[in-house]
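# Structural overview
Here is how the chains run, residue by residue.
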Amino acid sequence: MKQTALGGRNPVLYHQSLPSFSMPEWAAAAGYDGVVLDLQHGELGLEAACGILRSIPRENAYAYARVGSLDPAPILRLLDSGARGIVAPTVESRSQATALVAATMYPPVGNRSLGPSRPALYPGDSYTEAGNRAVSAIAQIETKAGVDRAEEIVSTPGLDSIYIGPADLAVSYGLPGRGDWEDGPVREAIAYLRELTTAHGVTLGIYSGRPEYATGLLADGLVDYVALGIDLVLLNRAFGDTIAELDSARSARSKS
């Protein structure tokens, strides 16, 4: 999610919390640009996530992983398996953002250990320079404390992107835990973070559950990319719609 790499595109990803190798393939076939493998919530563990990353073509620039903490060990494993970016949740300080960059980037930007375990992952004259160009350090801001300290976070050297978690952000403001806010403090936070990220040359993304809401944010230039939907939610919706359609057909048939 580096600013220079987007080239005017607005990538659309989804959150995956199930240990499925086929899910990214089906999502790509449907038109999604990539995935955020979610190790913070759901059933997806480190071993499964690393396997899924290795199954995704190397040229896919949007294979991301959201970790549960800033522990550098799993971050290293995920990157060596092919993650093109690491999303760190609940970043609320410059020190946390700095730790994310350190774990994600090779020296001199960070202190990621050199372990080229996936062939030709970063082609180029300098493997470490190519690696730093290929991967992104993404800080998730999802609390009022994070918004209050956003300028020190956004200006962290080596940080590539800010990712907004709107539901948790709403809860931190004393609001219901949902996303897709049209007004109020969450919407104001989005606009504020847009100003900061633009000023510092950092990209901005957000999770959304509704295509029409995501379309509005992209059209207004408030975000550079979106994660649209979670696998479990999308499956639940498909199950519900299918059964509802069956019930409707049964009802219509019984009346005929």
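Keep in mind it's a predicted model, so treat the numbers as computed, not measured. (Residues numbered from 1 in each chain as written. Predicted model: local features only at pLDDT ≥ 70, side-chain atom pairs only at ≥ 80, totals over all residues. Heavy atoms only, no water.)

Let us now look at the overall build of the chain. What the chain contains, in helices and strands, is twelve helices and eight strands. On C-alpha atoms alone, the chain measures out to a radius of gyration of 19 Å, which is about the 18 Å that the 2.2 N^0.38 rule sets for 256 residues. The buried share of the chain, reckoned over its 256 residues, is 45%. Partitioning the contacts of the chain with sequence separation of at least 6, the portion at a separation of at least 24 is 62%. (Helix = DSSP H or I, 4+ residues; strand = E, 2+ residues; numbered from the N terminus. Rg over C-alpha atoms; globule rule 2.2 N^0.38 Å. Buried < 20%, exposed > 50% of the residue type's maximum accessible area, 1.4 Å probe, protein only. Contact = heavy atoms within 4.5 Å.)

Glancing now at the packing of aromatic side chains. For the coordinates displayed, the defined rule picks out six aromatic pairs. Between the aromatic rings of Tyr122 and Tyr127, the centroid separation amounts to 5.2 Å while the plane-to-plane angle is 55°, which identifies the pairing as tilted. Every member of this aromatic cluster is reached through a ring pair, and the members are Tyr106, Tyr122 and Tyr127. Sitting above the plane of the Trp181 ring, Arg178 keeps its charged end 3.6 Å from the centroid. (Phe/Tyr/Trp six-rings, centres within 6.5 Å; stacked < 30°, edge-to-face > 60°. Lys NZ or Arg CZ within 6 Å of the ring centre and 35° of its normal.)

On the basis of which strands lie adjacent, the closed barrel formed by eight strands has the order β1-β2-β3-β4-β5-β6-β7-β8 and parallel pairing. This sheet shows a mean twist of 25° between the axes of neighbouring strands, independent of strand direction. As paired elements, strand β1 (residues 12-16) and strand β8 (residues 225-230) share three bridges and run parallel to each other. Residue pairing for β8: Leu13 is matched across the bridge by Ala227. (Pairing = 2+ DSSP bridges. Axes fitted to C-alpha atoms, helices over the stretch in contact; angles between N-to-C directions.)

All right, on to the layout of surface pockets then. Of the voids in this model, the largest pocket is the one considered here, and its volume is about 370 Å³. Arg66, Ala167, Asp168, Tyr207 and Ile230 are, among the 21 residues lining the largest pocket, the residues nearest its centre. Ranked by residue count, the leading element in the lining of the largest pocket is helix α9 (residues 166-172), at three residues. Of the residues that constitute the lining of the largest pocket, the class distribution is six nonpolar, nine polar and six charged. There is about 180 Å³ of room inside the second largest pocket. In terms of lining residues, the second largest pocket is bounded by 14 residues, among which Pro24, Glu25, Ala28, Ile56 and Pro57 are the most central. At the level of elements, α2 (22-30) and β2 (34-38) are the ones that each hand at least two residues to the lining of the second largest pocket. Among the elements that make up the lining of the second largest pocket, the one with the highest residue count is α2 (four residues). The residue inventory of the lining of the second largest pocket, partitioned by class, reads nine nonpolar, three polar and two charged. (1 Å grid on protein atoms, 1.4 Å probe; cavity = no way out; pocket = protein on both sides within 12 Å on 5 of 7 lines; lining within 4 Å. Points joined across faces, edges and corners; volume = space filled by probe spheres on them. Nonpolar A, V, L, I, M, F, W, Y, C, P; charged D, E, K, R; others polar.)

Evaluated as defined, the whole model comprises two cavities of 30 Å³ or more. The space that makes up the largest cavity amounts to roughly 70 Å³. Lining the largest cavity we find Met1, Leu13, Val36, Tyr64, Val87, Ile138, Tyr163, Tyr225, Val226 and Ala227. Broken down by element, the lining of the largest cavity gets its largest block of residues, three residues, from β8. Its residues assigned to classes, the lining of the largest cavity comprises ten nonpolar, no polar and no charged. Roughly 40 Å³ of internal volume is contained in the second largest cavity. As for the second largest cavity, its lining consists of Leu53, Ile56, Pro57, Arg58, Asn60, Ala63, Gly82, Arg84, Arg118 and Leu121.

This part is about the pattern of salt bridges. The final tally for this structure, using the stated rule, is ten salt bridges. Among the ionic pairs, Glu47 bridges to Arg77, the shortest N-O distance being 3.1 Å. Placement of the pair is Glu47 in helix α3 (residues 46-55) and Arg77 in helix α4 (residues 72-80), with a sequence separation of 30 residues. Here Glu47 falls in the exposed class, since its relative accessible area comes to 58%. Measuring nitrogen to oxygen at the nearest pair gives 3.7 Å for the salt bridge that ties Glu182 to Arg210. Note that Glu182 is positioned in the loop between α9 and α10 (184-200) and Arg210 in the loop between β7 (203-208) and α11 (211-219), a separation of 28 residues in sequence. Given a relative accessible area of 51%, Glu182 falls into the exposed group. On the accessibility criterion, Arg210 (31% relative accessible area) is partly exposed. Counted as one network, the salt bridges with shared partners bring together Asp180, Glu182, Arg187, Arg210 and Glu212. (Salt bridge = Lys/Arg side-chain N within 4 Å of Asp/Glu carboxyl O.)

Interpretation in functional terms is not warranted from these geometric data alone.
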